[in-house]
Amino acid sequence: MNIRYRGKRTVSFLLAAGLIFSFLTGCGNSGQSEAVPELIDPVGVDVDTAKVKKMNLSSVDSFQGEIVPEIKGLYFMSSGNIGQMKVTAGDKVKKGQLLATLTSVDTGVKKIQKQIEEAKGLNKDANEISASDIERLKEELSQAKKQMNSAGSKKEKKALQAQILEKQEDIKIAKLKLNQQKEQQALELKHLKEDLEEARGQTKESKLISPVNGEIITTAGGTGYMVQGGTTAINVADMDKPRVRTSYIDAAKLGKASSYVAVVNGKKYRVKAEEQETSPFDIEQGNLPSYTWFDFEEQVRLRVGDSATIELYNDTASDALVVPSNAVFKGKSNRYVYLMQGNNKKKTTVTIGTVTDAYTQILTGVKEGDVVYVQG
């Protein structure tokens, strides 16, 4: 007990003496400024430190987004009125399903098919008449030959022989005409069949077929609605092909990034940005798109509606020397760190490279394995 008491009295005495000494020296130097030493860490108090290490480093810009389905806009190749609109918004559709038609569907095909059938009928009749004429001429030739064989006078035989030659020539001409007639008919049918194929192609262009299993998002109108060729008439969502939509990201920022990553439910996926069509005039006028879309580089199964984060990586540095960003201090014209030497800190000027919220690349001033002070 006496030892403890004496200890307390000694401490009290030293404190009192210190206060008196400070008072006396203060009085003796009144009006004079004196350099105040920097504070040092109390003995026994832990100092936060970190080792200089190597790692791959990139600065990251993050943008919030969501998982949405890929939307496919379907349109007719030619203008016209919708003959049938077989779907409405919200309908589930299957790949290959007929969604809509124009009023002109099949009309041209049926018309040409009818022309072909009529042409074939007319050709058949014409060819039969020509063939019948040839048979008649052949019969007349046969009769003339019989008459010549039974003719009694030379004069009669000579006249009949002239008829025979004439009939033979008529038959030859009739056969030639029939062949030419058939060639002309074949050419006309060929042209009609070409028109039929073209009409069938136009018929396909007058039908909208779903290219995917999905859901109808919008339609341009119902039966009788006028649509322009090349203008979207139906939007179909491909639920099997998710993508990421964010608010508009400046094209220059996208171009600067070395890579893009989508973070969904804690997992990272490589993505690529859809090309954005913005002219300098649009940018100047502020006519910018509302959204930016990113497509996954490989097939993924993600739920539409989930939130996602797009990370743009910039200034990627491989095998970079780094320290925690809060170990780097900013001076008037430079950057510096405090190298730990035992319990002492040595202020050291450094040059920096890539900077992120967590780490800063150090280009000069430190080496791997050095220990630096980290500001708490």
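Sequence order sets the numbering: in each chain, residues are counted from 1 along the sequence as written. Reporting in this predicted model follows two pLDDT cut-offs: at least 70 for local features of residues, and 80 or more for side-chain atom pairs to be given and counted; totals over whole chains, interfaces and linings ignore these cut-offs and use all residues. Here the side-chain values reflect all heavy atoms present in the structure, with hydrogen atoms and water set aside.

Draft legend 1. Region of interest: the overall build of the protein. Counting its regular elements, the protein contains five helices and 18 strands. Partitioning the contacts of the protein with sequence separation of at least 6, the portion at a separation of at least 24 is 77%. For the accessible areas, the method is Shrake-Rupley and the probe is 1.4 Å, while residue cover comes only from the protein chains on display. When the accessible surface of the protein is totalled, it reaches about 25,400 Å², and 50% of it is carbon and sulfur. Secondary structure elements follow DSSP: runs of H or I of four or more residues count as helices, runs of E of two or more count as strands, with numbering from the N terminus. Residues count as neighbours in contact if any of their non-hydrogen atoms are within 4.5 Å of one another.

Draft legend 2. Fine view of the pattern of salt bridges. For this analysis, a salt bridge means a side-chain nitrogen from Lys or Arg found within 4 Å of a carboxyl oxygen belonging to Asp or Glu. What the rule picks out here adds up to 14 salt bridges. The partner of K92 in a salt bridge is E215, with the nearest N and O atoms 3.3 Å apart. You can see K92 sitting in strand β4 (residues 92–93) and its partner E215 sitting in strand β7 (residues 214–219), a full 123 residues away along the chain. Salt bridges linked by common partners bring E70, K72 and K241 together as one network.

Draft legend 3. How the structure looks around the confidence of the model for the protein. Per residue, pLDDT captures the predictor's confidence, and it can take any value from 0 to 100. Mean pLDDT over the protein stands at 83; residues scoring 70 or higher make up 85%. Across residues 1–45 the pLDDT falls below 50, and counting only partners more than four positions away or on other chains, this stretch makes two contacts in the model.

Draft legend 4. The arrangement of the side chain of T356 in detail. Tracing the backbone shows T356 in the loop between β16 (344–355) and β17 (359–364). With a relative accessible area of 15%, T356 lands in the buried category. Whenever two N or O atoms come within 3.5 Å, that pair is a polar contact, provided that in protein one can donate a hydrogen and the other can accept it, and provided that, for residues adjacent in sequence, both atoms are side-chain atoms. Among the polar contacts made by the side chain of T356, one reaches the main-chain amide nitrogen of A358 at a distance of 3.2 Å. In this structure T356 touches L57, S58, S59 and S325, once residues within four positions along its chain are discounted. Working definition: with a 1.4 Å probe on protein chains only, accessible area under 20% of the residue-type maximum means buried, over 50% means exposed, and in between means partly exposed.

Draft legend 5. How the structure looks around unusual backbone geometry. Despite not being glycine, N265 has its phi angle at roughly 50°, a positive value. Owing to a relative accessible area of 64%, N265 belongs among the exposed residues under this scheme. One non-glycine residue, D319, lies in the positive phi region at around 55°. Inspection of the secondary structure assignment puts D319 in strand β13 (residues 307–324).

Draft legend 6. Expanded view of the sheet that holds strand β3 (residues 80–85). For two strands to be treated as a pair, DSSP must find at least two bridges joining them. Spatial strand order, β6-β5-β3-β8: four strands in an open sheet with antiparallel pairing. Strand pairing shows two members of the sheet lacking a second neighbour, β6 (207–209) and β8 (226–227), which therefore form its edges. Sheet topology places β3 next to β8; two bridges connect them, and they run antiparallel. Residue pairing for β8: N81 is matched across the bridge by M226.

Draft legend 7. How the structure looks around the pairing of strand β5 (residues 98–102). Most of β5 is tucked away, with four of its five residues classed as buried. Relative to β5, β3 runs antiparallel, the two sharing three bridges. Its bridge partner being in β5, I82 is matched across the sheet by L102. One ladder, built from three bridges, connects β5 with β6; its direction is antiparallel. Across the sheet, the residue bridging to A100 is L208, located in β6.

Draft legend 8. The arrangement of the nonpolar core in detail. If you look at the biggest cluster of nonpolar residues, it comprises 18 residues, and the most contacted ones within it are V244, F294, F296 and L312. Where this core is concerned, the elements lending two or more residues are β2 (53–75), β10 (259–264), β11 (267–273), β12 (291–296) and β13. When sequence neighbours within four positions are dropped, the list of residues in contact with F296 reads I67, P242, R243, V244, A262, Y269, R270, V271 and L302. Membership of the second largest hydrophobic core comes to 16 residues, among which are V87, V93, A100 and V227. The nonpolar core is taken to be a set of buried Ala, Val, Leu, Ile, Met, Phe, Trp, Tyr and Cys residues, with the residues joined through side-chain atoms within 4.5 Å.

Draft legend 9. Inspection of the packing of aromatic side chains at higher detail. For Phe, Tyr and Trp, rings pair up if their centres lie within 6.5 Å, where Trp contributes its six-membered ring, and each pair is then called stacked (planes under 30 degrees apart), edge-to-face (over 60) or tilted (otherwise). Counted according to the given criterion, the structure contains eight aromatic pairs. Geometrically, the ring pair formed by F329 and Y338 is edge-to-face, given 5.3 Å between the ring centres and 70° between the ring planes. One aromatic cluster is present, formed by F329, Y336, Y338 and Y373 through successive ring pairs. A positively charged side chain is recorded as over a ring if its NZ (Lys) or CZ (Arg) lies within 6 Å of the ring centre. The angle to the ring normal must also be within 35 degrees. Over the face of the ring belonging to Y291 we find R245, whose NZ or CZ atom lies 4.4 Å from the ring centre. Against the face of Y373 rests K345, its NZ or CZ located 4.9 Å from the ring centre.

Draft legend 10. Broad picture of the pairing of β11. Pairing of β10 with β11 involves four bridges; the strand directions are antiparallel. Counterpart to V264 in the pairing with β11 is K267. Two successive antiparallel strands, β10 and β11, enclose a turn made up of two residues, where N265 displays a positive phi of approximately 50°. One ladder, built from three bridges, connects β11 with β12; its direction is antiparallel. For K272, the partnering residue across the bridge sits in β12 and is D295.

Draft legend 11. View of the environment of T364. In this structure, T364 sits in strand β17. Sequence spacing of T364 and G353 is 11 residues, and the spatial spacing of their C-alpha atoms is 9.5 Å. Residue contacts for T364: discarding those within four places in its chain leaves T349, V350 and T351. Side chain to side chain, T364 and T351 meet in a polar contact 2.5 Å long.

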